[in-house]
Amino acid sequence: MESMEACFGTRPRPALRRLVPLLLLRCAAPLAAPKQAAAPSDAERYANRAAPGAMVRPRMAFRARVGDAAHPAAAGRYRLYLSDACPWAHRCAIVLKLKGLERAVAVTRTGPLLENLRFAPPFDAYRGWPLVGDDRFAFVDELYEHAAPGYRASHGDGRPSFSVPVLFDEATQTIVNTESADIADMLNSRFDDFADRPDVDLAPAALAEAMEAVNAVVYPAINDGVYRCGFARTQEAYDAAHAAHARGMREIDGLLSRTRWLCGDRFTLAAVWKSKWNALSSKNLSISIKSKLADVRLFTTLARYDAIYSIHFKTGFRLAADFPNLHRFARDAMRLLADTVDLDFAKEHYYASHRMLNPAGIVPRGPACDLLGDDADLPPALTLADLSR
Ligand SMILES: N[C@@H](CCC(=O)N[C@@H](CS)C(=O)NCC(=O)O)C(=O)O
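Analysis parameters
Residues numbered from 1 in each chain as written. Predicted model: local features only at pLDDT ≥ 70, side-chain atom pairs only at ≥ 80, totals over all residues. Pairing = 2+ DSSP bridges. Helix = DSSP H or I, 4+ residues; strand = E, 2+ residues; numbered from the N terminus. Core = buried A, V, L, I, M, F, W, Y, C linked by C-beta atoms within 7 Å. Buried ≥ 20, exposed ≤ 12 C-beta atoms within 10 Å, placed from the backbone. Contact = placed C-beta atoms within 7 Å. Axes fitted to C-alpha atoms, helices over the stretch in contact; angles between N-to-C directions. Parallel < 35°, antiparallel > 145°, perpendicular 65-115°, else oblique. Left-handed = near helix turned anticlockwise from the far one by under 90°. Nonpolar A, V, L, I, M, F, W, Y, C, P; charged D, E, K, R; others polar.

To continue, consider the pairing of strand 6 (residues 174-177). Along any regular strand, the residues point their side chains to alternate faces of the sheet. Here three bridges tie strand 5 (residues 166-169) to strand 6, and the two strands are oriented antiparallel to one another. Looking at strand 6, one finds that Asp-169 is bridged to Thr-174. Once strand 5 ends, the chain turns through four residues before running back antiparallel as strand 6, passing Gln-173 with a positive phi of about 60°.

Now for the nonpolar core. Counting 98 residues, the largest nonpolar core has Cys-92 and Ala-330 as the members making the most contacts within it. If sequence neighbours within four positions are ignored, Ala-330 has contacts with Phe-299, Leu-302, Ala-303, Leu-319 and Leu-371.

Right, let's get into the environment of Asn-188. Counting through the fold element by element, Asn-188 comes out in helix 5 (residues 180-189). Since 24 C-beta atoms lie within 10 Å of it, Asn-188 is described here as buried. Sequence-wise, Asn-188 and Leu-101 are 87 residues apart; in three dimensions their C-alpha atoms are separated by 9.5 Å.

Packing of helix 8 (residues 235-256) against helix 13 (residues 324-337) brings their axes to within 7 Å, and their N-to-C directions diverge by 65°. In terms of orientation, helix 8 and helix 13 fall into the roughly perpendicular class. In this structure, the crossing between helix 8 and helix 13 has a hand that is left-handed. Only Asn-325, Leu-326, Arg-328 and Phe-329 of helix 13 make contact with helix 8, whose side of the interface consists of Met-249, Ile-252, Asp-253 and Leu-256.

Let us now look at the sheet that holds strand 6. The strand order across the open sheet formed by four strands is 4-3-5-6, and the pairing between neighbours is mixed. Since the sheet does not close on itself, it has two edges, and those belong to strand 4 (106-109) and strand 6, each with one partner. Ignoring strand direction, the axes of neighbouring strands in this sheet form an average angle of 30°. Where helix 4 (residues 140-147) meets the sheet, it contacts strand 3 (78-82), strand 5 and strand 6, and its direction lies at approximately 45° from that of strand 5.

On to the environment of Pro-72. Relative to the elements of secondary structure, Pro-72 occurs in the loop between strand 2 (54-55) and strand 3. We classify Pro-72 as exposed; it has 12 C-beta atoms within 10 Å. The spatial distance from the C-alpha of Pro-72 to the C-alpha of Phe-191 is 9.9 Å, given a sequence separation of 119 residues.

On to the packing of helix 6 (residues 208-223) against helix 8, then. Contact geometry of helix 6 with helix 8 gives a least axis separation of 8 Å together with a crossing angle of 130°. Taken together, the axis directions place helix 6 and helix 8 in an arrangement best described as oblique. Remark: the crossing between helix 6 and helix 8 carries left-handed chirality. Residue-level contacts link Val-217, Val-218, Pro-220, Ala-221 and Ile-222 of helix 6 to Ala-244, His-245, Arg-247, Gly-248, Met-249, Glu-251 and Ile-252 of helix 8. Residues of the contact of helix 6 with helix 8, tallied by class, amount to eight nonpolar, two polar and two charged.

This part is about the environment of Gly-100. Structurally, Gly-100 can be placed in the loop between helix 3 (87-99) and strand 4. Here Gly-100 falls in the partly exposed class, since 16 other C-beta atoms lie within 10 Å of it. A sequence separation of 98 residues divides Gly-100 from Pro-198, and the C-alpha atoms of the two residues are 8.0 Å apart. Once residues within four sequence positions are removed from consideration, Gly-100 is found in contact with Ala-195, Asp-196 and Arg-197.

Right, here's the structure in full:
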């Protein structure tokens, strides 16, 4: 989320380092179904407190679930508000497509520019995204206010978050959830009775621990890591964010030199993290897993990386040149997911919405970053059948 509220945390510890023991524990635990109850969000668990001026995401206000008594699963009842610019919303668009839910869940898309986005107060004029073809709401702020009257006022002088994705319940006229990880999981698992492809399963319960282990690096260091670089407000915060990001990119690139997907057909967590955790290898921790939601999450960041994050967010790397395995992964996934990517639209959003980072709103030409093209070096493209249970 493009949160601009600074966090003046005091502990200068890179986020990734704090995650290592967590990842270790999670990987060592027996595989188990995910617990639904009151699990903290990624944002809460991996809050970025690396340095004064570090970006911190606000806690998402809406975390209900389809399948709860108030929100039973049904076709034609829910609407998803998405922006093709947003990597978090992109997760949901991908799951929607792969599951074949386009007829069961309505979708409203946004225009490219956040209306009156500012870095500092006052935030009264901030409207969020314009909604395309919506006859009820012109901007996302109206949707939030309709579903939760007083939402803007509840933020006082702070900037209200009018983020997408939003999963909206037309029957109750309420927002169910605004957290992409939750929404993607719900689309994957709660709408099977209405999906064209109910057999596609992007997050089998048996692999929950393994996916979580990968996400524990991909989320803070890569998905959110690029934002932590881009919205750092001090050199110190940027340096800390960049160091954690660079480390995560190198580690995931290293993992992908050995597997096709993040949780490739078979890999040992000990091998993945061997450089840091030699002690682990003696414990023979091996988990058999296939391509899962973790890959979706990595892809949405990589698809925007060269054209946007490396320039606009000062992440400082070029995928193709600097991370050959991440680049191979992105090209491989792109063959199945190309029609969910609109890079020109995303570029316009980032460069022209974030005037505090790019005052003239100039959208750079290039760099050339066509992930499609000659794929003779890649295995046969992933198919929907490959994703089925
Ligand atoms: N935690 C949220 C973050 C979503 C998010 O950051 N969305 C951004 C676009 S990339 C947004 O809508 N920002 C506008 C705002 O927060 O007002 C999620 O993963 O769903």
